[in-house]
Amino acid sequence: MSAGNPFFSPWTNAFGFPPFDLIKPEHFPPALDRGMEEGLADFDAIAGSAEAPTFANTIEAMEQAGRLLDRVCSVFFNLNSSHTNEELEAIARDYSPKLAQYNAKISLNPALFARVSELYAKRCELGLETDQMRLLERSYLGFVRSGAALGEDAKLRMAAISERTATLTTLFGQHVQADEQTWQLVLEEGDLDGLPDYVREAAAQAASERGLEGKYVITLLRSSVEPFLTFSTNRDLREKAYKAWTNRGANGGDTDNHDLIREIVALRAEQARLLGYATYADYKLDDTMAKTPSAVLDLLHQVWEPARLQALAERDVIQSEASAAGFSGAIAAWDWRLYAERVRKARFDLDDAEIKPYFLLENMVRAMFDTATRLFGVKFREISDLPLYHPDAKVYEVVDAATSEHVGLFIQDNFARSSKRSGAWMSAYRSSEFFAEAITPIIVNNSNFAKSKPSLLTFNDSETLFHEFGHALHGLLSKARYPSQSGTCVRRDFVEFPSQVYEHWLAAPETLRTYAVHYETGESIPEELLTRMLEARKFGQGFNTLAYTSSALLDMEIHSQTNPDNLDPEAFERDALERLGMPAEVGMMHRLPHFKHLFSGGYAAGYYSYMWSEVLDADGFDAFKEAGDVFDPELSRRLKDIYEAGDTRDPMELYVSFRGREPKTEALLRHRGLAAAE
Ligand SMILES: [Zn+2]
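Parameters at a glance
Residue positions are counted from 1 within each chain, in the order its sequence is given. In keeping with the predicted nature of the model, local features appear solely for residues at pLDDT of at least 70, side-chain atom pairs appear and are counted solely at 80 or more, and the whole-chain, interface and lining totals rest on all residues. As a convention, hydrogens and water are excluded, and side-chain values are obtained from all of the structure's heavy atoms. Numbering goes from the N terminus for both helices and strands, where a helix is a DSSP run of H or I of at least four residues and a strand is a run of E of at least two. Our radius of gyration looks at C-alpha atoms and nothing else; its globule reference is 2.2 Å times the residue count to the power 0.38. Only protein chains enter the area calculation, which uses a 1.4 Å probe; residues under 20% of their type maximum are buried, those over 50% are exposed, and those in between are partly exposed. Any two residues having at least one pair of non-hydrogen atoms within 4.5 Å are treated as being in contact. Each accessible area is a Shrake-Rupley estimate made with a 1.4 Å probe; only the visible protein chains count as cover when residues are assessed. Here the positive residues are Lys and Arg and the negative ones are Asp and Glu; neither His nor the chain ends is included. In plain terms, the charge of a residue is placed at NZ if it is Lys, CZ if Arg, CG if Asp and CD if Glu. Strand pairing is assigned whenever DSSP identifies at least 2 bridges connecting the two strands. Only the stretch in contact is used when fitting a helix axis, every axis being a line fitted to C-alpha atoms; angles between N-to-C directions are given from 0 to 180 degrees. To qualify as a nonpolar core, a set must consist of buried Ala, Val, Leu, Ile, Met, Phe, Trp, Tyr and Cys residues joined through side-chain atoms within 4.5 Å. Distances decide who is a donor: an N, O or S atom must be within 2.8 Å of the metal, or within 3.2 Å for Na, K and Ca. Water is not included, so sites may look incomplete. Working rule for angles: under 35 degrees goes down as roughly parallel, over 145 as roughly antiparallel, 65 to 115 as roughly perpendicular, anything else as oblique. In this scheme the handedness of a crossing depends on how the near helix is turned from the far one: anticlockwise by less than a right angle means left-handed, clockwise means right-handed. Just so you know the grouping, Ala, Val, Leu, Ile, Met, Phe, Trp, Tyr, Cys and Pro go in nonpolar, Asp, Glu, Lys and Arg go in charged, and all remaining residues, Gly too, go in polar.

A. Representation of the overall build of the protein within the structure. A tally of helices and strands in the protein yields 27 helices and 9 strands. For 678 residues, the compact-globule estimate of 2.2 N^0.38 gives 26 Å, and the protein sits close to it at 25 Å. With the C-alpha coordinates aligned to their principal axes, the bounding extent of the protein is approximately 80 × 60 × 55 Å. Expressed as a percentage of its 678 residues, the buried residues of the protein come to 58%. For the protein, the share of sequence-separated contacts (at least 6 apart) that also reach a separation of at least 24 residues comes to 74%. Total accessible area computed for the protein in this model is approximately 27,400 Å², and 50% of it derives from carbon and sulfur atoms. In the protein, which carries 71 positive and 103 negative side-chain charges, the distance between the mean positions of the two groups comes to 1 Å.

Written out as structure tokens, the structure is:
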């Protein structure tokens with residue numbers, strides 16, 4: 001079975017790049033099996049060592065353990081997200097509980113925990129450097145938070161909970177993806193009223209990919225359905241698309257997620273109780289920058305009321321626009337985007353179709369690379385001789401601009417396809433470390449832009465591009481010594497700071513003047529269009545902020561349930577929104593039945609993180625504005641420290657050494673154009 005399995009021999013491509021041309025789905029099960037076997041043997045050897053525990057023979061040894069499994073898992077889970085198929089999905093279902101079991105065997109190993117505890121107790125006498133001290137403290141905390149300090153029965157129950165949750169969360173994501181893939185709105189020429197050319201072209205492309213030549217298809221990917229809702233003048237079709245989109249995971253049948261939500265939430269509440277916390281939110285928040293649910297709720301509620309008032313004002317304007325256009329009756333959720341777009345057009349004489357020609361994907365990629373060169377002194381060069389898993393993916397070598405020294409590899413995979421999960425994200429095929437030997441990173445960014453020629457983006461798409469690239473830089477620039485402190489391995493509510501702050505350089509006039517050039521004429525975006533565009537961004541912030549904040553508040557509420565065994569997710573959502581006074585026309589960014597961040601990603605009781613980080617990024621970018629230079633060398637250098645530090649230092653300490661003080665909320669409200677609450 002092992003003959004010819006690329007995971008069992010060294011990778012000889014340049015930079016040790018994964019041999020995607022040789023890796024086949026059938027290689028994963030034996031490689032995962034052997035990886036877990038070797039990993040357990042590594043950890044057992046550390047736990048069973050006859051020598052007294054030292055930092056080197058315990059903590060550092062754990063950093064070296066399970067290398068094969070890490071290598072297999074990083075390729076497997078990345079491929080399963082970026083370019084999956086039925087075989088990979090079946091392996092994911094099969095191995096998620098096994099991997100959870102594997103992790104539980106390590107984190108609940110009493111001999112291993114005893115060694116870590118002994119070191120932790122005398123940590124101040126060990127002569128450790130700052131990063132080592134933090135590694136030891138976090139390692140100890142990790143064991144405790146996994147239940148290592150509990151009695152035998154509780155430990156068994158913790159392991160069972162993790163295993164069951166792993167199965168449920170895998171299913172949850174697969175259900176959402178299935179609903180997204182099955183549903184399609186097939187349109188004829190006569191159904192396209194209102195749609196600009198780029199939306200028609202993307203719909204024609206989607207149809208031809210599905211063998212429906214000559215027709216048009218709208219899918220449930222945000223990049224397809226959102227423009228349709230924004231422009232289609234066919235109200236019935238809008239309603240149909242909107243309902244399908246917001247009912248992903250809530251359609252009854254095999255892919256319905258309500259039962260999964262109930263069980264996941266109940267298991268999480270039980271896990272928190274076992275560990276001595278009142279709720280899962282208390283447990284989760286204890287190990288974050290925010291620390292407590294009340295700190296999170298404080299922030300969200302500070303934003304909620306001004307955003308709600310703003311959204312209600314927007315609703316009035318949009319309603320008048322609709323009435324003026326001859327629509328009788330109150331606008332519904334599937335009308336909002338259409339009339340909001342018209343208001344935007346009327347007020348700012350602006351529409352996406354006017355802006356998009358200035359946002360050519362290739363130019364935006366160049367903009368984000370050049371920004372990194374100016375801020376952080378790294379350069380990017382496309383390389384063509386490495387094997388990739390899909391022809392749409394590209395790989396770049398990242399080098400130090402001054403010394404030409406190799407920094408890492410960056411894979412960019414921009415376009416939507418049915419084998420890719422929805423959304424945009426950064427991940428690593430290999431994380432960097434500078435420990436036993438220097439290992440350089442291989443970082444990937446995925447997006448789901450509609451594939452067309454030329455590939456023109458909206459401003460929001462371009463922001464997504466910069467956002468994910470901010471995460472990528474966090475992975476690429478990391479100087480952390482140990483793998484578990486590398487790059488984005490920071491607290492969940494700090495991890496969005498490097499990505500979100502990077503978005504500000506897209507909106508900087510310095511960037512737009514140079515890179516937002518018309519794809520046909522090569523002319524820079526006209527100054528007055530730029531001004532109108534930046535002004536227009538403030539319209540709709542009430543809507544955007546409520547859509548996000550309602551999702552974040554529901555996340556906190558559902559994970560603060562003390563007795564969720566009989567939870568009815570549908571009723572829970574309805575009641576919570578009613579209590580908040582959420583206008584029905586707005587709609588949540590993610591409803592619970594397809595809220596993958598919570599139920600198949602790592603953001604349970606953590607969706608607030610984006611806004612927590614936004615406090616930091618708005619306040620942090622202000623430093624550059626105050627300096628009068630968005631590329632201020634001294635500030636750039638201090639910002640780079642944050643990208644390089646990984647999890648070697650406390651996030652607040654890192655922020656303060658960059659900014660010179662703790663963050664303030666004012667910049668966030670101002671940036672969103674919201675007045676502070678009275
Ligand atoms: Zn992000």
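B. Quick look at the sheet that holds strand 3 (residues 378-383). Here we have 5 strands laid out as an open sheet, ordered 3-4-5-9-6, and mixed in their pairing. The outermost strands of the open sheet, each flanked by one partner alone, are strand 3 and strand 6 (425-430). Across this sheet, the average inter-strand angle for adjacent strands is 30°, counted without regard to direction. As defined by bridge partners, strand 5 (residues 406-415) adjoins strand 9 (residues 442-449) across 6 bridges and the pair is classed as parallel. Looking at the pairing, D413 lines up with N446 of strand 9.

C. Inspection of the nonpolar core at higher detail. Core analysis: the largest hydrophobic core is formed by 128 residues, its most contacted members being F359, F469, Y502 and F599. By size, the runner-up hydrophobic cluster in this structure holds 52 residues, among which are I23, M62, A92 and Y429.

D. Inspection of the coordination of the zinc ion at higher detail. Here the zinc ion is held by the protein donor atoms H467 (NE2), H471 (NE2) and E496 (OE), which lie 2.1 Å from it. Along the chain, the residues donating to the zinc ion are arranged with the sequence spacing H-x3-H-x24-E. Placement of H467 in helix 17 (residues 459-476) and of E496 in helix 18 (residues 496-507) is noted, with a sequence separation of 29 residues between them. In this pair, the class of H467 matches that of E496, namely buried.

E. Broad picture of the packing of helix 2 (residues 55-64) against helix 5 (residues 110-121). Direction vectors running N to C along helix 2 and helix 5 enclose 120°, while the axes themselves pass 10 Å from each other. By the criterion of interaxial angle, the relationship of helix 2 to helix 5 is oblique. As for the relative orientation of helix 2 and helix 5, their crossing is left-handed in sense. Where helix 2 abuts helix 5, its residues F55, N57, T58, I59 and M62 lie against L112, R115, V116 and L119. Across the contact of helix 2 with helix 5, the residue classes break down as 6 nonpolar, 2 polar and 1 charged.

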